[in-house]
Amino acid sequence: MNNKMSAAPSPQTLSKIAIAMGAYVLLVIWPCFDALRLFIAEDNRAFSLHHLAVAVGSALAVTIFSQRVMLSLCRPPVDKAVHFTEGEVR
Amino acid sequence: MFVEQLSAALVPYYLQIKFFHVACAMIWLASTSVAYINYLLPAIKAWQRAPDDERLLRQRNIAMERFDQGVVLEHVAFPLLLLSGLLLLTAGPWGLAHFWLSLKLCIVVLVFLPIEAMDYWLSHFGGNKRAIRVSGQGDVALSYEQAIAHHWLFLVVSTPVISVTGLLVLYLAVVKPV
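Just so we're clear, the structure is a prediction, and the values are computed from it rather than from any experiment.

## Quick notes on the overall build of chain B
Scanning chain B for helices and strands turns up eight helices and zero strands. Sequence-ordered secondary structure for chain B, helices as α and strands as β, is α-α-α-α-α-α-α-α. Principal-axis analysis of the C-alpha atoms gives chain B an extent of 60 × 30 × 25 Å. Scored against the burial criterion, the 178 residues of chain B give a buried share of 45%. Counting only contacts in chain B whose residues sit at least 6 apart along the sequence, the fraction spanning at least 24 positions is 78%. If you sum the accessible surface of chain B, you get close to 9,000 Å²; carbon and sulfur atoms cover 72% of it. The centroid of the 12 positive side-chain charges in chain B is displaced by 7 Å from the centroid of its 11 negative side-chain charges.

This is the structure we're talking about:
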């Protein structure tokens, strides 16, 4: 097979993906969860400032953690990369 | 009416269904981790260091095609996990009013289902690397590289998501915080 694909997504692309993942937590998962709490469990704390603060914190944590993990997957340190010899992958 | 009858029929088997559900969760979460960490990742990382190396490229392709086959166990366990989860929801004392279950179901529906749908497609349907290689239709080399690129991007993006939400869902299911 010809090698036509780039070796890894760029750090800028990964940063955008990480921000999108944080936004997904904040704008999709949190509203859906609190809507469930409000309409099914009749939880008065749904959509409260406390829940919003937890959602913002979670979104930030997801963004930072995802970016770090994705960057580490796409930029292997040269000295830690595994070197296969012919026939090792069966 | 039907749900009540089903619930009454399932209640005596609640613990057996729970055992099956936990077993499926273990298979779904862990069955590909050794292959991913110890075979696929090293092959991809070695190739990333030298993208023009034909030998590393061949090893990457073999690892990716084997990984497509290796996820079959995970993808058999996932629908069984969902089915047994629904049976537990029907038979058990827990409902959407409980904090842990509502958060768990949000994660399952909004995170796991889209990820798994994409994973099924990449591994077994349009994105299956072996099927593309043997198809002989169109520009096979280009389609193959595109499939590898899509699958690799999917794995990069889903790794942090699954590692966090997988553990979170396990915690919610075991600890059941109110």
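Now that the structure has been shown, we can carry on.
## Examining the packing of aromatic side chains
Summed over all chains, the structure comprises six aromatic pairs over all chains. Ring centres 5.6 Å apart and planes at 70° place the aromatic pair W30(A) and F47(A) in the edge-to-face group. With a gap of 17 residues between them, W30(A) in helix α1 (residues 11–39) and F47(A) in the loop between α1 and α2 (49–74) connect regions that are remote in the sequence. Summarising the aromatic geometry, the rings of Y36(B) and F67(B) are spaced 6.1 Å apart at their centres and angled 45° between planes, so their arrangement reads as tilted. Pair noted here: Y36(B) is in helix α3 (residues 33–49) and F67(B) is in helix α4 (residues 54–70), with a separation of 31 residues, a long-range link. In terms of burial, Y36(B) and F67(B) fall into one category: buried. What links up through ring pairs into an aromatic cluster is the set W28(B), F78(B) and F112(B). When the ring centre of W47(B) is taken as origin, the NZ or CZ atom of R60(B), which lies over that ring, is 4.5 Å away. Over the face of the ring belonging to W100(B) we find K176(B), whose NZ or CZ atom lies 4.9 Å from the ring centre.

## A look at the environment of V157(B)
Here V157(B) shows up in helix α8 (residues 140–175). Spatially, the C-alpha atoms of V157(B) and I115(B) are 9.8 Å apart, while their sequence positions differ by 42 residues. Beyond its immediate chain neighbours, meaning those up to four positions away, V157(B) contacts I17(A), M21(A) and M70(A).

## Re α4(B)
Side chains three or four residues apart in an α-helix point the same way, a direct result of the helix having 3.6 residues per turn. All names here are of chain B. With 17 residues, α4 extends 24 Å between its outermost C-alpha atoms, agreeing within 8% with the 24 Å of an ideal straight helix rising 1.5 Å per residue. Buried within α4 we find L56, L57, Q59, R60, N61, A63, M64, E65, F67 and D68. Contacts from the buried residues of α4 go to α3, α5 (72–91), α6 (99–124), α7 (129–135) and α8. You can read the cap of α4 off the contacts: a side-chain oxygen lies 2.9 Å from the backbone nitrogen of R55, and it is on D53.

## Describing the pattern of salt bridges
For the structure shown, the criterion picks out five salt bridges over all chains. Put simply, D43(A) and R37(A) hold a salt bridge, and the shortest N to O gap is 3.4 Å. The exposure class of R37(A) is buried, given its relative accessible area of 6%. With its nearest N and O atoms 2.7 Å apart, the salt bridge here joins E145(B) to R60(B).

## So, the domain arrangement of chain B
Residues and elements named next belong to chain B. Splitting chain B by domain gives domain 1 (1–32 + 71–92), domain 2 (43–69) and domain 3 (94–178). Computed from C-alpha coordinates alone, the two centres of domain 1 and domain 3 are separated by 19 Å. Interface of domain 1 and domain 3: buried area, both sides summed, is about 1,200 Å²; carbon and sulfur atoms make up 67% of it. If you look at where domain 1 meets domain 3, you find zero salt bridges. On inspection of domain 1 and its partner domain 3, the count reaches six residue pairs in polar contact (both at pLDDT 80 or more). Put simply, the parts of the chain that give the side of domain 1 that touches domain 3 at least two residues each are α2 (14–30) and α5. Element by element, the count of residues in the side of domain 1 that touches domain 3 is highest for α5, at seven residues.

## Considerations on the environment of H124(B)
Residue and element names in this part refer to chain B. With respect to the secondary-structure elements, H124 resides in helix α6. Relative accessible area serves as the criterion here: at 28%, H124 is assigned to the partly exposed category. Note: C-alpha distance between H124 and D52 (72 residues apart in sequence) is 28 Å. When neighbours within four sequence positions are excluded, H124 is seen to be in contact with D68, V71, V72 and H75. Only 2.7 Å separates the side chain of H124 from the side chain of H75, close enough to count as a polar contact.

Rules and cut-offs
- Residues numbered from 1 in each chain as written.
- Chains lettered and ligands numbered in written order.
- Predicted model: local features only at pLDDT ≥ 70, side-chain atom pairs only at ≥ 80, totals over all residues.
- Heavy atoms only, no water.
- Helix = DSSP H or I, 4+ residues; strand = E, 2+ residues; numbered from the N terminus.
- Buried < 20%, exposed > 50% of the residue type's maximum accessible area, 1.4 Å probe, protein only.
- Contact = heavy atoms within 4.5 Å.
- Areas by Shrake-Rupley, 256 points an atom, 1.4 Å probe, with all protein chains shown as cover.
- Lys, Arg positive; Asp, Glu negative; His and termini not counted.
- Charge placed at Lys NZ, Arg CZ, Asp CG, Glu CD.
- Phe/Tyr/Trp six-rings, centres within 6.5 Å; stacked < 30°, edge-to-face > 60°.
- Lys NZ or Arg CZ within 6 Å of the ring centre and 35° of its normal.
- Expected span 1.5 Å × (residues − 1).
- Polar contact = N/O pair within 3.5 Å; in protein donor to acceptor, adjacent residues only side chain to side chain.
- Salt bridge = Lys/Arg side-chain N within 4 Å of Asp/Glu carboxyl O.
- Domains from an automatic or database assignment.
- Buried area = accessible area lost by both parts, 1.4 Å probe.

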